[in-house]
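Structural overview for review
Listed below, chain by chain, are the residues.
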Amino acid sequence: MNVVPVIVGLAVGIAAAAMDFSLAKSIASLIRPSTIRYGQAIVLGGFVFRFGFIGLLLWTLSRASNVNFVAACIGLVGTFTVLTIVQMFRTLGGIRQQKQASDRR
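Quick look at the structure, then. (Residues numbered from 1 in each chain as written. Predicted model: local features only at pLDDT ≥ 70, side-chain atom pairs only at ≥ 80, totals over all residues. Heavy atoms only, no water.)

Now for the packing of helix H1 (residues 4-28) against helix H2 (residues 36-63). In the contact formed by H1 and H2, the axes pass within 10 Å of each other and the chain directions differ by 170°. If you check the angle between H1 and H2, you find them roughly antiparallel. Side by side, H1 and H2 meet where Val12, Ala16, Met19, Asp20, Leu23, Ala24 and Ile27 of the first sit next to Ile42, Gly46, Phe49, Arg50, Phe53, Ile54, Leu57 and Leu61 of the second. (Axes fitted to C-alpha atoms, helices over the stretch in contact; angles between N-to-C directions. Helix = DSSP H or I, 4+ residues; strand = E, 2+ residues; numbered from the N terminus. Parallel < 35°, antiparallel > 145°, perpendicular 65-115°, else oblique. Contact = heavy atoms within 4.5 Å.)

What follows is about the packing of aromatic side chains. Summed over all chains, the structure comprises two aromatic pairs. Note on Phe21 and Phe80: the rings are 5.7 Å apart at their centroids and 75° apart in plane angle, and the pair reads as edge-to-face. Separated by 59 residues along the polypeptide, Phe21 in helix H1 and Phe80 in helix H3 (residues 69-104) bring together distant segments of the chain. Using a relative accessible area of 13% as the deciding quantity, one classes Phe21 as buried. When its relative accessible area of 28% is taken as the criterion, Phe80 is described as partly exposed. For the ring pair Phe47 and Phe51, a centre distance of 5.7 Å and an interplane angle of 20° mean the geometry is stacked. With Phe47 and Phe51 both in helix H2 and four residues apart, this pair spans about one turn of that helix. In this structure Phe47 comes out as partly exposed when scored by relative accessible area, which is 44%. Residue Phe51 is classed as exposed on the basis of its relative accessible area, which comes to 58%. (Phe/Tyr/Trp six-rings, centres within 6.5 Å; stacked < 30°, edge-to-face > 60°. Buried < 20%, exposed > 50% of the residue type's maximum accessible area, 1.4 Å probe, protein only.)

On their own, these measurements won't tell you what the molecule is for.
This is the structure:
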């Protein structure tokens, strides 16, 4: 078994997940509290765009002969999951700190 296609697949999957997560955060930052209806449309449109991009990327990788498709999928799912969990802990930590600060007043 050749290791190079596996490494390339993992690298492509990790890069795609990092770009997808970054794009998801930037799309979510476009939402303002005063525009809830538009916010829902922005989130849905962003999801459809990102989903289509990942689908196109995975279809292209499935056709490539020098990239391990399974490794790319594992890198994509694993990295996106880890980034989501890290973001969740950061958000929960920020909420806890804000609550403690408001309790002191």
